[in-house]
Amino acid sequence: MKIQKAVIPAAGLAIRFLPATKTIPKEMLPIVDRPTILYSVEEIIRADIPELILIAGRDKTSVEDYFDTSYELEEILDRAGKMDLLNSIRDIRKRIKVISIRQQEALGLGHAVLCAESVIGNEPFALLLSDQIMIGQPEQPSAIAHLTKLYAETGKAVVSVFQVPTGDVSKYGIVDLKEGGTGPWNVISALEKPEPGVTASRWGLTGRYVFDKEIFPCLRAIKPDTFGEYQLTDAMTLLAERHGILATTLVGDRFDARDKLGFLQANVEMAIRHPEVGAAFQEYLRERCARAF
Ligand code: UTP
């Protein structure tokens, strides 16, 4: 079954980015000149998925506004003949249909995904955490397209994983796999940001998933954690037991923009590659690195 819908949850509190995220969702923080979320939206469009379901937070409407028309701004750019800029903000609306849903309370990623159930119904869907930026080669399928292809071939839920450095295990969702060969591997269980020593696995989730309707009963069955959040990883453990989940690695660069350091690194990397400022920024970096910090 071809995947027609992708979900991007953007209703988290983003405590690691306060005070910037008091009123702005983390997904709208710019990587050079583009909101972080746009990288995931491009991935979805390149995978030929026509509909995006946004899970937006109660006090942060700018993600929804971003995908809406901005009459005044568009009119001004049109009159000024700034067609490149005009197209850059109009283009996205032509390429993907956006449906927005509110998560009334930030009750965790598992709860955010469950909020999309009424729109998704019985269809399989892609799920992308847009604070994980995946950049592949332009001629290669996008990261999420790799997962939708694997789903089409196997009919099983699919997640992407990477090898986490030992000291970083408690920063990621970690999955235990039936290892052997080059993958894809069967997932045995998943844990949300485990304390050091709790698991021997070093397979971290990269924020790209394909699920079908079987995830929803699992999301309804889980209990909140000690912080009151419903964790997707708990539902994944149930799904792995009941129906199976495959895990695969992906090629390409991954930038972890979930915390300040990763966000800064993503900005530096994308600035280096930027068609307009890249060369000047590289020059600046060379000059700056030659001086003491
Ligand atoms: P995180 O676990 O990274 O939480 O969410 P967060 O709120 O974004 O950031 P911190 O930990 O407070 O700094 C993973 C993804 O799930 C979404 C977030 O927007 C992010 O894309 N999310 C999380 C929701 O949509 N709703 C929630 O209740 C929690």
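Residues numbered from 1 in each chain as written. Predicted model: local features only at pLDDT ≥ 70, side-chain atom pairs only at ≥ 80, totals over all residues. Heavy atoms only, no water.

A. Layout of the site of the ligand. Around the ligand, 17 residues are found, and the nearest of them are Ile15, Arg16, Lys26, Gln103 and Gly108. Contact distances for the ligand include 2.9 Å between an oxygen atom and a backbone N or O atom of Ala11. Take Gly108: an N or O atom from its main chain is 2.8 Å from an oxygen atom of the ligand. Elements represented by at least two residues in the shell around the ligand include exactly β1 (5–10) and α5 (109–114). Looking at the shell around the ligand residue by residue, the class counts come to ten nonpolar, three polar and four charged. (Near = heavy atom within 4 Å. Polar contact = N/O pair within 3.5 Å; in protein donor to acceptor, adjacent residues only side chain to side chain. Helix = DSSP H or I, 4+ residues; strand = E, 2+ residues; numbered from the N terminus. Nonpolar A, V, L, I, M, F, W, Y, C, P; charged D, E, K, R; others polar.)

B. Representation of the environment of Tyr71 within the structure. Here Tyr71 shows up in helix α3 (residues 71–79). For Tyr71, a relative accessible area of 69% translates into the label exposed. Taking the C-alpha atoms as reference points, Tyr71 and Asp212, separated by 141 residues in sequence, lie 38 Å from one another. (Buried < 20%, exposed > 50% of the residue type's maximum accessible area, 1.4 Å probe, protein only.)

C. Geometry of the nonpolar core. In terms of nonpolar packing, the biggest core is built from 38 residues, with Phe211 and Met236 touching the most fellow members. Ranked by residues supplied to this core, first place goes to helix α9 (residues 232–242) with six residues. Ignoring any residue separated from it by four or fewer positions in sequence, one finds Phe211 in contact with Pro124, Phe125, Leu127, Ala157, Leu232, Met236 and Leu239. The next biggest cluster of nonpolar side chains, apart from the first, holds 27 residues, and it includes Leu52, Phe67, Ile96 and Leu150. (Core = buried A, V, L, I, M, F, W, Y, C linked by side-chain atoms within 4.5 Å. Contact = heavy atoms within 4.5 Å.)

D. Structural detail: the side chain of Thr36. Looking at where Thr36 falls in the secondary structure, it is placed in helix α1 (residues 36–46). For Thr36, the side chain forms a polar contact with the main-chain oxygen of Leu29, separated by 2.6 Å. If near-sequence neighbours (up to four positions away) are discounted, Thr36 is found in contact with Lys26, Glu27, Leu29, Ile31, Ser130, Asp131, Ile133 and Phe263.

E. Region of interest: the pattern of salt bridges. Going through the model one piece at a time under the given rule, you end up with 20 salt bridges. Put simply, Asp131 and Lys26 hold a salt bridge, and the shortest N to O gap is 2.8 Å. With a gap of 105 residues between them, Asp131 in the loop between β6 (125–128) and β7 (132–135) and Lys26 in the loop between β1 and β2 (30–31) connect regions that are remote in the sequence. On the basis of relative accessibility, which here comes to 13%, the residue Lys26 falls in the buried class. The partner of Glu42 in a salt bridge is Arg34, with the nearest N and O atoms 3.5 Å apart. Taken together, the salt bridges that share partners define one network made up of Arg34, Glu42, Asp91 and Arg95. (Salt bridge = Lys/Arg side-chain N within 4 Å of Asp/Glu carboxyl O.)

F. Geometry of the pairing of β1. For β1, the tally of buried residues reaches six of six residues, placing the bulk of the element in the interior. Neither face of β1 is exposed, since Lys5, Val7 and Pro9 on one face and Ala6, Ile8 and Ala10 on the opposite face are all buried. Relative to strand β4 (residues 51–57), β1 runs parallel, the two sharing six bridges. Within β4, the residue paired with Lys5 across the bridge is Glu51. One ladder, built from two bridges, connects β1 with β6; its direction is parallel. (Pairing = 2+ DSSP bridges.)

G. The arrangement of the packing of helix α10 (residues 260–273) against helix α11 (residues 278–289) in detail. In the contact formed by α10 and α11, the axes pass within 6 Å of each other and the chain directions differ by 125 degrees. When the axes of α10 and α11 are compared, the pair comes out oblique. The residues of α11 that touch α10, namely those facing Val268, Ala271 and Ile272, are Gly278, Phe281, Gln282 and Leu285. Of the residues assigned to the contact of α10 with α11, the class counts are five nonpolar, two polar and no charged. (Axes fitted to C-alpha atoms, helices over the stretch in contact; angles between N-to-C directions. Parallel < 35°, antiparallel > 145°, perpendicular 65-115°, else oblique.)

H. Geometry of the environment of Glu42. Tracing the backbone shows Glu42 in helix α1. Apart from the residues within four sequence positions on either side, Glu42 is in contact with Arg34, Ile92 and Arg95.

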